[in-house]
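Structural characterization, general
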Amino acid sequence: MASEQTMEGAAAEALAAAGDAPFLGLLDVLLLAALIGGAAFYFLKSRKKEEEPTRSYSIQPTTVCTTSAADNSFIKKLKASGRSLVVFYGSQTGTGEEFAGRLAKEGIRYRLKGMVADPEECDMEELLQLKDISNSLAVFCLATYGEGDPTDNAMEFYEWITNGDVDLTGLNYAVFGLGNKTYEHYNKVAIYVDKRLEELGANRVFELGLGDDDANIEDDFITWKDRFWPAVCDHFGIEGGGEEVLIRQYRLLEQPDVQPDRIYTGEIARLHSMQNQRPPFDAKNPFLAPIKVNRELHKGGGRSCMHIELSIEGSKMRYDAGDHVAMYPINDKSLVEKLGQLCNADLDTVFSLINTDTDSSKKHPFPCPTTYRTALTHYLEITAIPRTHILKELAEYCTDEKEKELLRSMASISPEGKEKYQSWIQDACRNVVHILEDIKSCRPPIDHVCELLPRLQPRYYSISSSAKLHPTDVHVTAVLVEYKTPTGRTNKGVATTYLKNKVPSGSEEVKVPVFIRKSQFRLPTKPETPIIMVGPGTGLAPFRGFIQERQFLRDEGKTVGESVLYFGCRKRSEDYIYESELEEWVKKGTLNLKAAFSRDSDKKVYVQHLLEQDADLIWNAIGENKGHFYICGDAKNMAVDVRNILVKILSTKGNMSEADAVQYIKKMEAQKRYSADVWS
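Below is a summary of the structure that appears in this document. (Residues numbered from 1 in each chain as written. Predicted model: local features only at pLDDT ≥ 70, side-chain atom pairs only at ≥ 80, totals over all residues. Heavy atoms only, no water.)

Attention shifts here to empty space enclosed by the protein. Sizing a probe to match a water molecule and rolling it over the atoms shows the empty space that remains. Per the stated rule, a full pass over the model turns up one cavity of 30 Å³ or more. Looking at the largest cavity, its volume works out to about 50 Å³. If you trace the largest cavity, you find it lined by Ile308, Leu310, Val325, Met327, Tyr461, Val476, Leu499, Val512 and Val514. Among the elements of the structure, strand E12 (305-311), strand E13 (324-327) and strand E20 (511-517) are those that each provide at least two residues to the lining of the largest cavity. (1 Å grid on protein atoms, 1.4 Å probe; cavity = no way out; pocket = protein on both sides within 12 Å on 5 of 7 lines; lining within 4 Å. Points joined across faces, edges and corners; volume = space filled by probe spheres on them. Helix = DSSP H or I, 4+ residues; strand = E, 2+ residues; numbered from the N terminus.)

It is worth spelling out the nonpolar core at this point. With 42 residues, the main nonpolar core has Leu339, Phe366, Leu376, Leu380, Leu407 and Cys450 as its most contacted residues. Those elements that provide at least two residues to this core are helix H8 (333-342), strand E14 (350-355), helix H9 (372-379), helix H10 (388-395), helix H11 (401-410), helix H12 (415-427), helix H13 (432-438) and helix H14 (446-452). In this view, Cys450 contacts Phe351, Leu353, Phe366, Tyr372, Ala375, Leu376 and Leu380; residues no more than four positions away in its chain are not counted. (Core = buried A, V, L, I, M, F, W, Y, C linked by side-chain atoms within 4.5 Å. Buried < 20%, exposed > 50% of the residue type's maximum accessible area, 1.4 Å probe, protein only. Contact = heavy atoms within 4.5 Å.)

Attention now goes to unusual backbone geometry. The omega angle of the peptide bond from Pro279 to Pro280 is 0°, so this bond is cis rather than trans. Inspection of the secondary structure assignment puts Pro280 in the loop between strand E10 (250-254) and strand E11 (287-296). A cis amide bond links Cys368 with the next residue in sequence, Pro369, at an omega value of 0°. Relative to the helices and strands, Pro369 resides in the loop between E14 and strand E15 (370-371). For Arg111, which is not a glycine, the phi torsion comes out positive at approximately 60°. Relative to the assigned elements, Arg111 resides in the loop between helix H4 (95-106) and strand E3 (114-117). On the basis of relative accessibility, which here comes to 63%, the residue Arg111 falls in the exposed class. The phi torsion at Asn135 lies on the positive side, around 55°, for a residue other than glycine. Summarising the element assignment, Asn135 is placed in the loop between E3 and strand E4 (137-145).

Among the surface-exposed residues, Glu120, Glu121, Asp152, Glu156 and Glu159 lie close enough to one another that they form a single negatively charged patch. Relative to the helices and strands, Glu159 resides in helix H5 (residues 155-163). (Patch = residues over 30% accessible without salt bridge, like charges linked within 9 Å, V, L, I, M, F, W, Y side chains within 5 Å. Areas by Shrake-Rupley, 256 points an atom, 1.4 Å probe, with all protein chains shown as cover. Salt bridge = Lys/Arg side-chain N within 4 Å of Asp/Glu carboxyl O. Lys, Arg positive; Asp, Glu negative; His and termini not counted. Charge placed at Lys NZ, Arg CZ, Asp CG, Glu CD.)

Attention now goes to the sheet that holds E12. Reading across from one edge, E16-E13-E20-E11-E12-E17 is the order of the six strands in this open sheet, with antiparallel pairing throughout. Each end of this open sheet is capped by a strand with a single partner; those strands are strand E16 (459-462) and strand E17 (473-479). Strand after strand, the sheet turns through a mean of 40° between neighbouring axes, direction not considered. By the bridge criterion, five bridges tie E11 to E12 in an arrangement that is antiparallel. By the bridge assignment for E12, Glu296 is matched with Met306. (Pairing = 2+ DSSP bridges. Axes fitted to C-alpha atoms, helices over the stretch in contact; angles between N-to-C directions.)

Another aspect to go through is the sheet that holds E15. With antiparallel pairing, three strands are arranged side by side in an open sheet as E10-E14-E15. Whereas interior strands pair on both sides, the edge strands pair on one side only; in this sheet they are E10 and E15. Bridge analysis of E10 against E14 gives five bridges, and the strand direction is antiparallel. Paired with Glu254 across the strands is Phe351, a residue of E14.

Overall, the coordinates contain 43 salt bridges when judged by the stated rule. Between Arg196 and Glu199 there is a salt bridge, with the nearest N and O atoms lying 3.2 Å from each other. You can see Arg196 and its partner Glu199 sitting in helix H6 (residues 188-199), three residues apart, about one turn around the helix. Among the ionic pairs, Glu337 bridges to Arg373, the shortest N-O distance being 2.5 Å. Within this pair, whereas Glu337 is found in helix H8, its partner Arg373 is found in helix H9, the two being separated by 36 residues in sequence. A relative accessible area of 33% means that Glu337 is categorised as partly exposed. For Arg373, a relative accessible area of 29% translates into the label partly exposed. Overlapping salt bridges, with partners in common, bring together Lys338, Arg430, Glu437, Asp438 and Arg489 in one network.

Turning to the packing of aromatic side chains, a few remarks are in order. Tallied over the full model, the rule gives 29 aromatic pairs. Ring centres 6.0 Å apart and planes at 45° place the aromatic pair Tyr328 and Phe515 in the tilted group. With Tyr328 in the loop between E13 and H8 and Phe515 in strand E20, this pair connects stretches of sequence that are 187 residues apart. Grouping residues by exposure puts Tyr328 and Phe515 together as buried. (Phe/Tyr/Trp six-rings, centres within 6.5 Å; stacked < 30°, edge-to-face > 60°.)

In a regular helix each residue adds 1.5 Å, so 13 residues correspond to 18 Å; helix H22 (residues 658-670) covers 19 Å between its end C-alpha atoms and thus fits that length. All of the buried residues along H22 are Ala661, Tyr664, Ile665, Met668 and Glu669. Across the axial projection of H22, the buried residues extend over an arc of 145°, all falling on one side. Across from the buried face of H22, at angles greater than 90 degrees, the exposed residues are Lys667 and Ala670. (Expected span 1.5 Å × (residues − 1). Arc of directions from axis to C-beta.)

Running from N to C, H8 and H9 cross one another at 135°; their axes reach a closest spacing of 10 Å. Accordingly, the angle class assigned to the pair H8 and H9 is oblique. Note on packing geometry: the crossing formed by H8 with H9 is right-handed. Contacts between H8 and H9 pair Val336, Glu337 and Leu339 from the former with Arg373, Leu376 and Thr377 from the latter. (Parallel < 35°, antiparallel > 145°, perpendicular 65-115°, else oblique. Left-handed = near helix turned anticlockwise from the far one by under 90°.)

Note on strand geometry: in a regular strand, side chains alternate between the two faces of the sheet. Extensive coverage of E4 is indicated by the burial of eight of its nine residues. Across six bridges, strand E2 (residues 85-90) lies against E4 in parallel orientation. Within the sheet, the bridge partner assigned to Gly90 lies in E4 and is Leu142. Summarising the sheet, E4 and strand E6 (residues 172-179) pair through six bridges and their orientation is parallel. Counted as the bridge partner of Ala143 is Leu178 from E6. The sheet contact formed by E4 and strand E5 (residues 149-150) spans two bridges and is antiparallel. Bridge pairing links Tyr145 to Asp149 in E5. In textbook terms, the turn of a hairpin is the stretch between consecutive antiparallel strands, and for E4 and E5 this stretch comprises three residues, one of which, Gly146, has a positive phi near 60°.

Below is the structure:
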């Protein structure tokens, strides 16, 4: 508008000058006419632009006032925009951030305007000032990661409240934790933060909520927040919640005129980072690693397990045996096309989604501008099971009332709705494409689908090689994920399907974007220390690296302690991976191998059974010779069974009570002598 005012001012000055002059020359008249005409044209054009109808949905965007997003003061942002609710998240895979966003949006219903904040980007000492804002509330959605650790972005905050002794009197807070009961340190971070904030004088407004990703974390969350809001209203004396309004967090801007070299084509952060590679390489700047080898490990049985060798030469990335390699996959192209068709979208349209909360440090949900095709291929998790808030928003686009009611019901907290969500969505393994295929009257705009879907996350694999032997190569061992669903569809794992097709051929290089994540899963610093490894199936992966390293040290003439591996698979003739390598290490005296083939005999034998038979060997290694014990693989059954067997062995062979045996393992964990790299 500033330029519009300048033009109007110039025209007014010209008129004033004309009034004072005794007469107007021809040149003056022409100049004056041009100025007035130009101003009129500009004004009318601007008006016309303003009056053009914008695309409207039943779910309207919000508008929020602004301060500088680069400022790390969340207090300034709250005050400048008249907000009193701040929801912090500690998130490794995006779920904690998603839950935080949902809580902040819902605050409007309860007269608590909210904002989402990443503790890593905030001056968390400002929590001391939050009490100065009327009806203020801090909510923490915190995931527990690894061996009971805070997520990377919450680490600094966690250490601050752990080591500091600040006075948080007057701070109103609530905590919701994201964890998984199959892991030993279930929701350790949220439990600690909830307790610690109270110790520091803060006021708990509502009880700690704990979400279990092994069961139904979505149900845990919506059940908790359904009780959380009434408690908040009661605490602040707010009269109930208003009518629920579904609010768009991002506004659509289609950009047909953007230069092609300004459009993101799959980069994680920096534009052209895939073409113009430069270190250091990390989660925001992955290295495009050429695949040197991609071969099948299974010899039969209908399943597939890949051995992949990635070259990291020239990347300056380093790894140790036991670390993880992370890979950014892409979605199946046919699934992307199908989703585009179901939303009647031109997938090659260039667009940006712009956060309507201008105070948020997150300007876009993914790199923009880009095309819908790129967003659905590289940036969005289209095969994930949708959470209930997605169903609630999709329901608004149903033209059939019965279908609208079905989606709304599954998004509700009623027992019938929860049961239906469990059976129709979770048990049936329906993703967003399946839902739109089966709910035929639901045709949402593609930009809203892009807003609702979570970000596509990197997939982590235990590195199955040793840098001592392969300093410029990283080996990966991965089972192809593919299964039939109750609806008769075939669901495929995003990353393993992507990798399966990445087979090098001829002179053309095949590359995948990767980075290294350091791990606590480490060989003993002294090579002579004995180790016991339990790794059925692809749980063998990190131990292959361990054994390679111990063989390398032996070849150098160093003394190496006993290495015992408990490996298991279905059939020796089908899925005994790395058979020849393992047998060779046994022959050389580097490895003591105990293998269980569960389907090669009438009675199923698993690694757990072999461990029970070897009580003396295990006690000798870890009880008498202070050896290290490692588990890799399934967290839900195998890892729990193995830990229980170890408790039993320690009790009987070490003459301990069960409680003392449990404490012995905890002490081993603290000394890094007991390590688990498990997944559920």
